[in-house]
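# Architecture at a glance
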Amino acid sequence: MWRPGRMPAEPPWMATTEAALEVLPGHLYELGRRAWDAMARGCLPVVVSSEPLHVTVPFAWQLPWQDFAIFTTADSPEEAADVIEVLVRATETQEGRHGIARRRAALLQHAPSLFLPPLSRCPLGARSAIDGIIGELAARQAALAALSMVRPPGWPRARGGELRV
């Protein structure tokens with residue numbers, strides 16, 4: 001299992017942070033560098049966007065993002081404050097701490113699959129983003145092959161008036 005750790009030149013408080021809030025502006029729909037830096041340190045990504053929530057994550061069909069990331073919307077400062085309040089309250093209850101621990105365990109399990117080699121602090125042979133990219137290419141190739149069709153000789157063409165309805 002991957003072990004989070006301090007990175008060079010990081011603030012000392014980051015070593016004890018449980019979650020990292022990523023607020024997406026209205027024109028961005030993918031995780032930013034802050035989210036990646038936070039996940040590399042073992043922090044849970046909390047992604048907040050305006051309604052409708054459209055976020056692009058890598059390997060969405062390969063990784064259970066819903067198990068380790070929190071996605072929500074906030075369309076006003078009051079709703080943003082509510083998100084922060086829920087996060088803070090989760091650290092104060094047994095149920096909330098259990099939920100954080102469950103999500104963090106899922107992140108630690110899947111984190112190597114999010115990053116390119118060389119993977120530091122990971123067991124030898126851990127899956128990396130390269131494995132995900134190869135899986136994605138294989139799935140796309142299979143889909144393309146299923147959609148491809150050979151045009152038989154004599155198939156009527158729309159151009160030249162061969163096609164009749």
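Residues numbered from 1 in each chain as written. Predicted model: local features only at pLDDT ≥ 70, side-chain atom pairs only at ≥ 80, totals over all residues. Heavy atoms only, no water.

## Remarks on the overall build of the chain
Keep this limit in mind: Under the DSSP-based scheme used, a helix requires at least four consecutive residues in state H or I and a strand at least two consecutive residues in state E, with every element numbered from the N terminus. With a 1.4 Å probe rolled over the protein chains alone, any residue whose accessible area is under 20% of its type maximum counts as buried; one over 50% counts as exposed, and the rest are partly exposed. Values of accessible area rely on a 1.4 Å probe in the Shrake-Rupley scheme; residue burial ignores everything except the protein chains shown.
The helix and strand tally for the chain stands at five helices and three strands. For the chain, the sequential pattern of α-helices and β-strands runs β-α-β-α-β-α-α-α. The buried share of the chain, reckoned over its 165 residues, is 28%. Accessible area of the chain: about 11100 Å², with a carbon and sulfur share of 61%.

## Some words on helix 5 (residues 129–147)
Rule in force here: By this rule, a helix spans an expected 1.5 Å times one less than how many residues it contains. Along the arc lie the directions from the helix axis toward the C-beta atoms.
The terminal C-alpha atoms of helix 5 lie 27 Å apart, and with 19 residues this matches the ideal 27 Å at 1.5 Å per residue to within 8%. Buried within helix 5 are the following residues: Ala129, Gly132 and Glu136. Projected onto a plane normal to the axis of helix 5, the buried residues spread over an arc of 55° and lie on a single side. Those residues of helix 5 that are exposed and aimed more than 90 degrees away from the buried face are Ile134, Leu137 and Gln141.

## Quick notes on the side chain of Glu136
Residue position: Glu136 is located in helix 5. Judged by relative accessible area, Glu136 falls into the buried class, the value being 18%.

## As for the confidence of the model for the chain
Rule in force here: The quantity known as pLDDT measures the predictor's confidence residue by residue, on a range of 0 to 100.
Across the chain, pLDDT averages 79, with 76% of residues at or above 70. Here strand 1 (residues 19–23) stands out as the element of the chain with the lowest mean pLDDT, 63, in contrast to helix 2 (residues 65–68), whose mean of 93 is the highest.

## Topic: the environment of Pro117
As a reminder of what qualifies: By definition in these notes, contact holds between two residues if any of their heavy atoms fall within 4.5 Å.
When you line up the elements, Pro117 lands in the loop between helix 4 (94–110) and helix 5. Overall, the relative accessible area of 47% leaves Pro117 in the partly exposed class. Counting along the chain gives 10 residues from Pro117 to Arg127, while the straight-line C-alpha distance between them is 9.4 Å. Excluding anything up to four places from it in sequence, Pro117 contacts Ser128 and Ile130.

## Re the environment of Gly132
Mapped onto the secondary structure, Gly132 falls in helix 5. In this structure Gly132 comes out as buried when scored by relative accessible area, which is 3%. Put simply, Gly132 and Pro58 are 74 residues apart on the chain and 8.6 Å apart in space, counted from C-alpha to C-alpha. The contact partners of Gly132, leaving out residues within four places of it in the chain, are Phe59, Gln62 and Arg127.

## With respect to the pattern of salt bridges
The cut-off we apply is this: Criterion for a salt bridge: a side-chain nitrogen of Lys or Arg within 4 Å of a carboxyl oxygen of Asp or Glu.
A full pass over the atoms with the stated rule returns two salt bridges. A salt bridge links Glu85 to Arg89, with the nearest nitrogen and oxygen atoms 3.0 Å apart. Pair noted here: Glu85 and Arg89 are both in helix 3 (residues 77–90), with a separation of four residues, about one helical turn. Look at Glu85 and you get partly exposed, because its relative accessible area is 43%. Note on Arg89: relative accessible area 42%, which makes it partly exposed. Here Glu136 and Arg140 are joined by a salt bridge, their closest N and O atoms 2.8 Å apart. Note that Glu136 and Arg140 are positioned in helix 5 at a spacing of four residues, about one turn of the helix.

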